[in-house]
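Reading the structure
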Amino acid sequence: MITPKTLLLSAVALTSTTTAQVYQTPGRSKDAYSYTQPEDTVILGQYGHSEPVYPSPPARDGGAWEQAVKKAKAFVSELTLEEKALMVTGQAGPCVGNIYPIERLNFTGLCFQDGPASLRTADFVSVFEAGVTIASSWDKTMMYNRALAMGREFRAKGAHIALAPAVGPMGRSAYSGRNWEGFSPDPYLSGVAMEESVLGFQDAGVQATAKHYIFNEQEILRNPVRYENGTVQYEAISSNVDDRTAHELYLWPFANAARAHVAAFMCSYQRINGSYGCQNSKTLNGYLKTELGFQGYVMSDWYGTHSGVASIEAGLDLDMPGHIIGRALIDDGQAYSSYFGGNITVGVNNGTIDTDRLDDMITRVLTPYYALHQDEGYPSVDPSIVPLNTFSLPNTWLREWNLTGPSRRDVRDNHGDLIRKHAAASTILLKNKDKALPLKAPKSIAVFGNDAGEVTEGPLNQAQFEFGTQAIGGGSGAGLFTYLVSPLEAIKARGRQDGALVEFWLNNTLVLNRDASAWAQTPLPNKPDVCLVFLKGWAAEAADRESLHLDWSGDELVESVASTCNNTVVVTHSSGINVLPWAEHPNVTAILLAHYPGQESGNSLVDVLYGDVNPSGHLPYTIAYNATDYNAPLVTAINTTGKDDWQSYFNEKLETDYRYFDAHDIDVRYEFGFGLSYTTFALSDLSVAKLDEKADINSQPEERSVEPGGNPALWEVLYTAKVAVHNSGDVRGSAVPQLYVSFPASTPSGTPPRQLRGFDKKELGPGERGTVTFNLMRRDLSYWDVNTQKWLIPTGEFTIHVGFSSRDLPEQKTFTVVKE
Ligand code: NOJ
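Everything numeric here is computed off the predicted structure, so don't read it as measured data.

According to UniProt, the feature "domain: Fibronectin type III-like" (unreviewed entry) maps to residues 735-806 in the numbering used here. Secondary structure within residues 735-806 divides into 0% helix and 50% strand; the distance between the first and last C-alpha atoms comes to 14 Å.

Turning our attention to unusual backbone geometry. Following Asp-114, the chain continues into Gly-115 via a peptide bond in cis, with omega recorded as 0 degrees. Note on placement: Gly-115 falls in the loop between β2 (110-113) and α3 (131-137). Omega for the bond connecting Leu-437 with Pro-438 falls within 30 degrees of zero, at 0 degrees, which places this linkage in the cis form. By the element assignment, Pro-438 lies in the loop between β12 (428-432) and β13 (444-448). One non-glycine residue, Asp-434, lies in positive phi territory at about 50 degrees.

On to the site of the ligand. Residues in close proximity to the ligand total 16 residues, the closest being Asp-114, Arg-178, Lys-211, His-212 and Asp-301. For the ligand, an oxygen atom lies 2.5 Å from a polar atom in the side chain of Asp-114. Glu-541 is positioned such that a nitrogen or oxygen atom in its side chain is 3.4 Å from an oxygen atom of the ligand. The protein chains hide 100% of the 290 Å² of surface that the ligand would expose on its own. Its residues assigned to classes, the shell around the ligand comprises seven nonpolar, two polar and seven charged.

Let's shift gears to the environment of Asn-350. With respect to the helices and strands, the residue Asn-350 is situated in the loop between α10 (342-349) and α11 (355-371). Along the sequence, Asn-350 and Pro-744 sit 394 residues apart, while their C-alpha atoms lie 57 Å from each other. Among the polar contacts made by the side chain of Asn-350, one reaches the side chain of Thr-352 at a distance of 2.6 Å.

With that out of the way, let us pick up the side chain of Ser-742. The topology assignment puts Ser-742 in strand β24 (residues 738-742). Under the relative-accessibility criterion, Ser-742 is labelled buried at 12%. For Ser-742, the side chain forms a polar contact with the main-chain oxygen of Pro-753, separated by 2.8 Å. Among the polar contacts made by the side chain of Ser-742, one reaches the side chain of His-801 at a distance of 2.7 Å.

Another aspect to go through is the packing of helix α13 (residues 487-497) against helix α17 (residues 601-609). The relative placement of two packed helices comes down to the angle between their axes together with the axis-to-axis distance. Viewed as axis vectors pointing N to C, α13 and α17 meet at an angle of 50 degrees, and their least axial separation amounts to 7 Å. In terms of orientation, α13 lies oblique with respect to α17. Both α13 and α17 take part in a crossing whose hand is right-handed. Of α17, the residues touching α13 (which contributes Pro-487, Ala-490, Ile-491 and Arg-494) are Ser-601, Gly-602, Asn-603, Leu-605 and Val-606.

So, on to the pattern of salt bridges. Pairing of side chains with opposite charge becomes possible as their charged atoms draw close. For the structure on display, the rule yields 36 salt bridges. The closest approach of N and O atoms between Lys-211 and Asp-114, which form a salt bridge, is 3.8 Å. Placement of the pair is Lys-211 in strand β4 (residues 207-213) and Asp-114 in the loop between β2 and α3, with a sequence separation of 97 residues. The salt bridge involving Arg-669 is made with Glu-584; its shortest N-O contact spans 2.9 Å. Note that Arg-669 is positioned in strand β20 (residues 668-670) and Glu-584 in the loop between β16 (568-573) and β17 (588-593), a separation of 85 residues in sequence. Counted as one network, the salt bridges with shared partners bring together Arg-178, Glu-181, Glu-219, Arg-222 and Glu-541.

Basis of the calculations
Along every chain, residues carry numbers that run from 1 in the direction the sequence is written. In keeping with the model being predicted, local features are shown solely for residues with a pLDDT of at least 70 and side-chain atom pairs are shown and tallied solely at 80 or more, while totals for entire chains, interfaces and linings include all residues. Values shown for side chains rest on all heavy atoms present in the structure; no hydrogens or waters enter the calculation. UniProt positions are given in the numbering used here, feature names are shortened, and annotations may be inferred rather than shown by experiment. Strands are runs of DSSP state E lasting at least two residues, helices are runs of H or I lasting at least four, and both sets are numbered from the N terminus onward. Think of it this way: one heavy atom of a residue within 4 Å of a molecule or strand is enough to make that residue near it. Nitrogen and oxygen atoms within 3.5 Å of one another constitute a polar contact, given that in protein one can donate a hydrogen and the other can accept it, and given that sequence-neighbouring residues count only through two side-chain atoms. Every accessible area reported is derived by Shrake-Rupley at a probe size of 1.4 Å, with residue values counting cover from the shown protein chains alone. Three residue categories are used. Nonpolar comprises Ala, Val, Leu, Ile, Met, Phe, Trp, Tyr, Cys and Pro, charged comprises Asp, Glu, Lys and Arg, and polar comprises the others, including Gly. Burial status follows relative accessibility: with a 1.4 Å probe on protein chains alone, a residue under 20% of its type maximum counts as buried, one over 50% as exposed, and anything between as partly exposed. Interaxial angle, 0 to 180 degrees, is taken between N-to-C directions of lines fitted to C-alpha atoms, where a helix line uses only the stretch in contact. An angle counts as roughly parallel when it lies under 35 degrees, as roughly antiparallel when it exceeds 145, as roughly perpendicular when it falls between 65 and 115, and as oblique in every other case. By convention the crossing between two helices is left-handed if the near helix lies anticlockwise of the far one by an angle smaller than a right angle, and right-handed if it lies clockwise. The contact criterion used throughout is that any non-hydrogen atoms of two residues lie within 4.5 Å. Every case where a carboxyl oxygen of Asp or Glu lies within 4 Å of a side-chain nitrogen of Lys or Arg is listed as a salt bridge.

Take a look at the structure:
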């Protein structure tokens, strides 16, 4: 059995201290899977047979970016061949990715910076709530405002391109180490979040990057593994996915990004049906540049380029980071020189690289730059980022970078208020027995858990340390906190207003080492009115999670506290799915999931605990009873030694998360979409209407010329559904009505029983009534037909279900779209 245990991690990890890493053994996990492909499995994507799609479609003239394309082409016509090579190859410099300036043409270069929750390599920036956190808000306006605020910070620090938002991994497996950077395993929710995020970043004038494209669903073996002499021992894992699954799950949110005119796509590390993500012509030339009409550029993930001409022809436009430094520092020490760079010059001169294609690559790189007016005076790169970018410190630069403008720019504005508000609105209340919450000015509060207190190890950047609250995950999605409000700090401040006694027990081991009976017999110094237990779960890039349980004996800590405290409120700060085995414990009166809330962690939580904010978060995934209830396991080991043998077959097809549990009638602890409030809501009067009463709707969309996002006909609203919402309780709150579609029986088998196709968030005062409208677009009512290669609306009866979670759907209506 080969496991990654002894293999060097051929991956780009991101902290300053990182050297070559060794995988931990998965065997240590309580519930990690070891998965090998069953012999009788049908190979869906045909390993080694990713369909060839050539040539690479050029950016077209016309459309929303028409003027920008013209400017880009005019610029390209001025370039020498050497300059052209530099325009498509990153260089060592101040930013995580850099394109050299070309002074003679007044081009000041491009600065690419991580990541999805903060400008990672910078000081005096905000650390926002993670992707999974904002997805839990189910609030489109907040998704947009978060990205807009982040975009303003990137811009003010001189970053032209944000390496965000992420939707790969999407969350096929609960174990993937990077799920928290993205949004949800549900494509519709993720699609909305992608679109709002792209619009937010780009309205701030910053280019957004949709990453990691595509099927990047596990970290283990995301990159090839090499022997010491540099030859490849194992090629990276191959995600083997069929065409229908691709369209209806993984490509779906990327289509939203394209539709929002995202500037860039970052192709992913792993292989796709046998060929590397950055040289896969089917996904780059085919899905992205042809079907989705994407007009921007594809950049490689860092060191994710594995060929020159082949990648260029398959649709890769820009090689990142293009220099050897970071690779030598953090990988397996193997020398690396770009397949682009000087090789571009050679390739053009010897005729293996087509000049038109090279020109198109640069046109694509520059079009968003002009479209977002980045040529019209852009803030300079803040010099203080330089020492924070360990990828390429100044002693590695091949050229001087002229860094001007003030250093240590504080770009945070009032974003702390926004983050506090967003994180509070994203906090999910799963249980609230006898209205334990909101707290009613308790006089005595006991706080437990190593997640409650101050960060204890060094700068407020996060790591998998034992003591200190967890407010963001690790790797390129992390952030450098200027401050971080811990839960304990905020609870003490709030408790002081009521003259409360606040005691705290922050060492899980010490709490657990006490003899349970002694613990029970020894009354706490001042019998607490409430026991708040804080648990954390770490996740980071370049490693997958080994367990779905909370870290640091979190489950045991809850049991221990709840054994003596009959008002135990549990709060989790984690990357996503945790099984919560203590959820039904009678003394666990309330459960709050706060995910990674960013810098205002404690404040946003106290707002919810004390009822200043009524919780309105809903689960963006399913919480099952057992870790083993989840399907779609990661590949953590293989039984053979072949170089190409790391294969991941997405055989579950469309059945991930709730789609799987619903298709197989599996009971779950808390279903997708679930979340409580301090008030109650009721729904009534669901109605559905065709937008154009008289129009006959065809199964096939009208063939219209492709715009970014694909055939515009797919985005046309065909039906609207309306439902009345009533706040039937006695406090103000926000409801999240959700619409799920059941497709007709004529739809090909494998269609999930119900799929999310609409949601909204509605704030209502006590007793107030309102209406929520859902727009159903053609894509929402179609399946991907692999034979015709089209989205088709099936004949027969659709059912729409509206409710407050995927399993609480009191309102239903049926309708037929296409006549038999
Ligand atoms: C690798 C990560 O996968 C990607 O998300 C990140 O943007 C780059 N490194 C640059 O740090």
